[in-house]
Amino acid sequence: MNKKLTGLLAMGLLALAGCEGDDGSVGPAGATGAAGPAGPAGVPLVVTRTDVVTTNANIAYASYSDSWVLAIELQGKIDDLVAAPSQETFDAAKDAWLAVNEPYGQTEVYRFRVGPIDALLPDGSLGVEGDGPEGAINAWPLGEALVDYVATAVDGDEGSDSGNPPTGVTGNIISDTTFTLSKANIRDNNELDDDERNLTTGFHVIEFLLWGQDLNADLSGTGTRDATGGQRPFSDYQTGASCTSGIGTSSASVICERRGQYLQLAAEILVEDLKTLVDAWNPNGTGNHYANFVAGGDVSLAKILEGMGRLGFGELAGERMNIALLTNSQEDEHSCFSDNTHRDIVTNAQGIVNSYFGEYTRIDGSTVDGAGIDDLLISEGFTETANAFRAALETTMIRISTIDDMAKAGMPFDTQIQLGINEPNIAGSIQALSAQTDILETVISDLDVTVGDLRQDTEEEI
Amino acid sequence: MIRLAATVLIGSTLLIGSCSQRDATGPLPAPGGAWTLAWGATSHTLVQPTPTMDRETELRFWTGFAMFRDPWVKAPSSTTARDGLGPLFSARSCQSCHAGAGRGDSLLNDPDTPAMAFKLADVDDIHSRFGDQLQTRAIYDVTGVGKRLSGFYPGEPRPSVKVETLELDDTDIVLNRVHASVPDIPAYAISPRVAPGLVGLGLLEAIPQSRLEALEDPDDANSDGITGRVHWVGEGEARAAGRFGWKAPHPTVAAQTADAFRNDIGITSVYNPVETCAPQQQRCHDQRSGNGPQGDHEIGGILFDTAVEFTASLAVPEARRATAKVRRGQRVFEDLACAACHTPSHDIVVAGEQTTIWPYTDLLLHDMGPLLADGIAQGDATGGEWRTPPLWSLGLQQQLNPETGFLHDGRAATIQEAVLWHGGEAATAAARFKSLSKAEQDALAAFVLAL
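All of these numbers come straight from a predicted model, not from anything done at the bench.

Basis of the calculations
Residues numbered from 1 in each chain as written. Chains lettered and ligands numbered in written order. Predicted model: local features only at pLDDT ≥ 70, side-chain atom pairs only at ≥ 80, totals over all residues. Heavy atoms only, no water. Helix = DSSP H or I, 4+ residues; strand = E, 2+ residues; numbered from the N terminus. Buried < 20%, exposed > 50% of the residue type's maximum accessible area, 1.4 Å probe, protein only. Contact = heavy atoms within 4.5 Å. Areas by Shrake-Rupley, 256 points an atom, 1.4 Å probe, with all protein chains shown as cover. pLDDT = per-residue confidence, 0-100. Core = buried A, V, L, I, M, F, W, Y, C linked by side-chain atoms within 4.5 Å. 1 Å grid on protein atoms, 1.4 Å probe; cavity = no way out; pocket = protein on both sides within 12 Å on 5 of 7 lines; lining within 4 Å. Points joined across faces, edges and corners; volume = space filled by probe spheres on them. Nonpolar A, V, L, I, M, F, W, Y, C, P; charged D, E, K, R; others polar. Salt bridge = Lys/Arg side-chain N within 4 Å of Asp/Glu carboxyl O. Pairing = 2+ DSSP bridges. Expected span 1.5 Å × (residues − 1). Bend = angle between axes of the 7 residues up to and from the residue. Phe/Tyr/Trp six-rings, centres within 6.5 Å; stacked < 30°, edge-to-face > 60°. Lys NZ or Arg CZ within 6 Å of the ring centre and 35° of its normal. Axes fitted to C-alpha atoms, helices over the stretch in contact; angles between N-to-C directions. Parallel < 35°, antiparallel > 145°, perpendicular 65-115°, else oblique. Left-handed = near helix turned anticlockwise from the far one by under 90°. Disulfide = S-S within 2.5 Å.

Quick look at the overall build of chain B
Logical step 1: Across its full length, chain B holds 14 helices and 15 strands.
Logical step 2: Residues counted as buried form 61% of the 451 residues belonging to chain B.
Logical step 3: Counted over contacts in chain B with a minimum sequence separation of 6, partners at least 24 positions apart contribute 67%.
Logical step 4: Here chain B displays about 16500 Å² of accessible surface, and carbon together with sulfur accounts for 54% of that area.

Overview of the confidence of the model for chain A
Residue and element names in this part refer to chain A.
Logical step 1: Mean pLDDT over chain A works out to 82, with 77% of the residues at or above the 70 mark.
Logical step 2: For residues 155-170, every residue scores under 50 in pLDDT, and the model assigns this stretch 41 contacts once sequence neighbours within four places are set aside.
Logical step 3: Note that residues 452-462 has pLDDT below 50 and, in this model, 32 contacts with residues that lie over four places away or in other chains.

Points about the nonpolar core
Logical step 1: Grouped together as the largest cluster of nonpolar side chains are 153 residues, with contacts concentrated most on Ile206(A), Tyr262(A), Met308(A) and Ile373(A).
Logical step 2: When sequence neighbours within four positions are dropped, the list of residues in contact with Ile206(A) reads Leu74(A), Ile78(A), Trp97(A), Leu263(A), Ala266(A), Ala267(A) and Leu270(A).
Logical step 3: Counting residues in hydrophobic clusters, the runner-up holds 55 residues, among them Met116(B), Ala180(B), Trp246(B) and Cys338(B).

As for empty space enclosed by the protein
All names here are of chain A.
Logical step 1: For the coordinates displayed, the defined rule picks out nine cavities of 30 Å³ or more.
Logical step 2: Space inside the second largest cavity adds up to approximately 60 Å³.
Logical step 3: Surrounding the second largest cavity, Asn101, Tyr104, Gly105, Glu108, Asn138, His204, His334, Ser335, Asp344, Thr347 and Asn348 form its lining.
Logical step 4: Residue classes in the lining of the second largest cavity are distributed as one nonpolar, eight polar and two charged.

Section: the pattern of salt bridges
Logical step 1: Scanning all chains against the criterion turns up 35 salt bridges over all chains.
Logical step 2: Residue Arg69(B) pairs with Glu319(A) through a salt bridge whose shortest N-O separation is 2.4 Å. Taken together, the residues Arg69(B) in helix α3 (residues 55-69) and Glu319(A) in helix α10 (residues 297-327) connect one chain to another.
Logical step 3: With relative accessibility at 3%, the residue Glu319(A) sits in the buried group.
Logical step 4: As a salt-bridge pair, Glu309(B) and Arg60(B) come within 2.7 Å of each other at their nearest N and O atoms. Pair noted here: Glu309(B) is in helix α9 (residues 301-312) and Arg60(B) is in helix α3, with a separation of 249 residues, a long-range link.
Logical step 5: Classification of Glu309(B) as partly exposed rests on a relative accessible area of 31%.
Logical step 6: Given the relative accessible area of 28%, Arg60(B) is considered partly exposed.

Comments concerning the pairing of strand β8 (residues 190-194) of chain B
Consecutive side chains of a regular strand alternate in pointing toward one face of the sheet and then the other.
All names here are of chain B.
Logical step 1: In terms of burial, β8 is a largely internal element, five of the five residues being buried.
Logical step 2: Here β8 shows two buried faces, one formed by Ile190, Pro192 and Val194 and the other by Ser191 and Arg193.
Logical step 3: Summarising the sheet, strand β3 (residues 116-120) and β8 pair through five bridges and their orientation is antiparallel. Each residue of the ladder has a partner; that of Phe118, found in β8, is Pro192.

Digging into helix α3 (residues 87-107) of chain A
Logical step 1: Taking 1.5 Å of rise per residue, the 21 residues of α3(A) would be expected to cover 30 Å, and the 31 Å separating its terminal C-alpha atoms lies within 8% of that figure.
Logical step 2: The largest bend in α3(A) comes to about 30°, at Asn101(A), with the proline Pro103(A) one to four residues further on.

So, the sheet that holds β3(B)
Residues and elements named next belong to chain B.
Logical step 1: If you walk across this open sheet you meet the three strands as β4-β3-β8, and the pairing is antiparallel. Here the strands that pair on one side only, and so sit at the sheet edges, are β4 (133-134) and β8.
Logical step 2: Sheet topology note: the β3/β4 ladder contains two bridges and is antiparallel. Residue Lys119 lies in a different strand from β4, and its bridge partner there is Gln133.

Considerations on the packing of aromatic side chains
Logical step 1: Considering all chains together, one arrives at 22 aromatic pairs over all chains under this definition.
Logical step 2: Look at Tyr356(A) and Phe357(A): their rings are 5.0 Å apart centre to centre, the planes differ by 65°, and that puts the pair in the edge-to-face class.
Logical step 3: A ring pair is formed by Trp62(B) and Phe65(B), whose centres lie 5.6 Å apart and whose planes are at 80°; its orientation type is edge-to-face. Here the residue Trp62(B) and the residue Phe65(B) both occupy positions in helix α3, the gap between them amounting to three residues, near one helical turn.
Logical step 4: Taking relative accessible area as the criterion, Trp62(B) reaches 5% and is therefore assigned buried.
Logical step 5: By the ring-pair criterion, three or more aromatic residues cluster together here, those being Phe61(B), Trp62(B), Phe65(B), Phe68(B) and Phe310(B).
Logical step 6: Over the face of the ring belonging to Phe208(A) we find Arg232(A), whose NZ or CZ atom lies 5.2 Å from the ring centre.

Overview of the packing of α10(A) against helix α11 (residues 341-357) of chain A
Residues and elements named next belong to chain A.
Logical step 1: Direction vectors running N to C along α10 and α11 enclose 160°, while the axes themselves pass 10 Å from each other. Here α10 is positioned roughly antiparallel relative to α11, judged by the angle of their axes. The two elements α10 and α11 meet at a crossing, and its hand is left-handed. Touching Ile304, Met308, Leu311, Gly312, Leu316, Arg320 and Met321 of α10 are Ile345, Asn348, Ala349, Ile352, Ser355 and Tyr356, all from α11.
Logical step 2: Residue composition of the contact of α10 with α11, by class: nine nonpolar, three polar and one charged.

Describing the state of the cysteines
All names here are of chain A.
Logical step 1: Within the structure shown, the criterion is met by one disulfide over all chains.
Logical step 2: Shown here is the disulfide that connects Cys243 with Cys256, its sulfur atoms set 2.0 Å apart. Taking the torsion about the sulfur-sulfur bond, which here is approximately 90°, the covalent link between Cys243 and Cys256 counts as right-handed. Placement of Cys243 in the loop between α7 (203-211) and α8 (253-280) and of Cys256 in helix α8 is noted, with a sequence separation of 13 residues between them.
Logical step 3: Take Cys256: its relative accessible area is 1%, and that puts it in the buried class.

Remarks on unusual backbone geometry
All names here are of chain B.
Logical step 1: One non-glycine residue with positive phi stands out, namely Asp124, at about 45°.
Logical step 2: As for its placement among the helices and strands, Asp124 is situated in the loop between β3 and α4 (126-130).
Logical step 3: The backbone of Leu363 shows a phi angle near 60°, a positive value even though the residue is not glycine.
Logical step 4: Its place among the elements puts Leu363 in the loop between β13 (353-357) and β14 (365-367).
Logical step 5: Residue Leu363 is classed as buried on the basis of its relative accessible area of 1%.

Quick look at the confidence of the model for chain B
Residues and elements named next belong to chain B.
Logical step 1: Residue-level pLDDT values for chain B average 85, and 89% of them are 70 or greater.
Logical step 2: Note that residues 1-23 has pLDDT below 50 and, in this model, 36 contacts with residues that lie over four places away or in other chains.
Logical step 3: Confidence over residues 142-152 falls short of pLDDT 50; this stretch has 31 contacts with residues more than four positions distant or in other chains.

Pasting the structure below:
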């Protein structure tokens, strides 16, 4: 909606400049033609807070639903791979994984605000942060040694100390034939009393099972970083004598069978978990999160703004970029097996843009286009703030695109961070996210959406 | 000085009413002084940076938050900066016990909560068999080439929990407490400790050591029955006042953070380079470490520093509304001389700026009597001594996590219960509390929860 609105606003300003105030009487043919309809003098467009909250909920539905649909496609490609392993079916599964992450990355702006992704309980109500399916869907970092074979060293890090086995580490859920592979067992991971029991599920487990560890050119894990992701061969899914566990390491057929079975179950679990979010945001639902959120007024608006701030600064700048940069840790990046981190960064930042403008482009090319925070700011008279945040987002997106472009040109994020702490594209992107956060604070204070509910009297609670 | 004043003021409400800091209409003082957090657009977490922080520092704050929030994983993993979990551990992340930087669940509400550390007494040969803390979980056992995987490496046993009920004379409040027991370990040797809230730790670290020494009164020279003493830690140059932990064994936020990384998550650092495996736990010793390529520790220097900075700079939120009931509770607080240990305020200097903070603690060790004693000596602290915990933000911590409880093991569901558990040096105050009307007792609780 922003483009249309900007157009209207520009017309309004012109009218103001020409007539010293819009009297609402000038029609399309100018002052000499027939009088046009009366306008809301000086206010180009009116949207309410509930409009903004509703559009935000609509985009949540659309982006989770897109992710769910593409996850079902991924599941189908994985079934094809396991049924007939070949380079072609293997690549098709990888492409499907990359595809589902495009809309999913844009949903992450719905995190950090005690929404369904972080707090959804099985009965459809919201609990506290940590109760939701986020851990099962997108748990990271991943202790991949628990799932499948790993190399003795990754990026030169052997992690060994006295008494450790010097060669490959082989014991894991896939190789442990006493571990019955089932959805329930994978979900539960046999850990009682555990608050994060789902580290065996989600996007990054599937990513690891499709790409394998990113071991660079010499496959030893100690060589120079290169431009490729993980090196898992499709023969890891071939049964019979062709079965491998890594390039050139033949393996018992049962291991490849179990690996395929695990991958299929992980895809099935992912589809199930995404569906719970689609249901929570279903606009036809009654009493579901969508209905409650739309009715939530300023509390919902505050959540939108909080999610935008936490994702942009705390998560994207503070964690996903700054830690990788600070530690120069090759694989301390979000999608470390597929080397898809550049897309994670872009799609996360795009999610913030979507929330601001109230616009989202669906995977079929159609759009959800409603009331944005920009419209609300203009409606309430904060035109300068509206434009400042628009400009800040533009700066962020163009700076982040340099990381994306470099990766597409052959230098993935894990190699870009090697350029040093002052690598201009990453440092510049972090700086843009910081500046964006400054202006977001102005947005919050202009719209005056403080949540004071914790400050209430304590008397009733005693 | 405040301690003395409070003693003199016992029973003298008129005099109290005239004191300048007890303006009956104004708000309660800002707990964190100039670093107090105003109410913002969030209501579900205490993870908020101090408001004066510049963006560059705040970036490090959020980087530290990632180390606080994200689960550690088993080594080796591709995310080399975040591996090294266990082999023995109690939780995978800081966040899983200190949710939203607040308090963990009480065993009474949630017997399986991960947010409980089970400390062990050094009796019989318990320390050589288990170390000084029970580790209730362990990583998947990977024993290497040619060896069969045998499932999850058995952690140390998780204690079963038994509730004991105490009925007191002169009050209808029923007190519950938990006993944790494990086969082979006598119940008296196990002390459950709940994960405390984390706000304002950097401000407590900034209280001058001379101030703590001035508050000491080990020989009860003023005959008020209170004998607080500094928990001195370290020798010679390194000798410093302990401030953090339930018995104040750690003088700095860094030392406390390193202790939690090692004892709760199994992550080694420059402070604590050795894993928690007890001498005879050979399979534990055989597991791979998550040390970095340069022989760095499992949490390396830069990331450890950001985690410490994060922990030290969690902002203290404003106090809640000072209603008439809260003001009445404040008078009760003063009447009972609670401030003799829960010292209301301290002057500190942070980042070159002077301010007054209101944590309501003297950070000193006090004998709290047999009902609270856990029998576990820690450093110089005896089995009956506890460090006065700060009271700021307790009400918020309870509101954020209704499953939590007060006191070191979360046994008290209400402030009223917590006061009644006080014994030893606080026995007089607790006895006087018992003689108050219910309205006065409730007012005291309202005051404490408003801080």
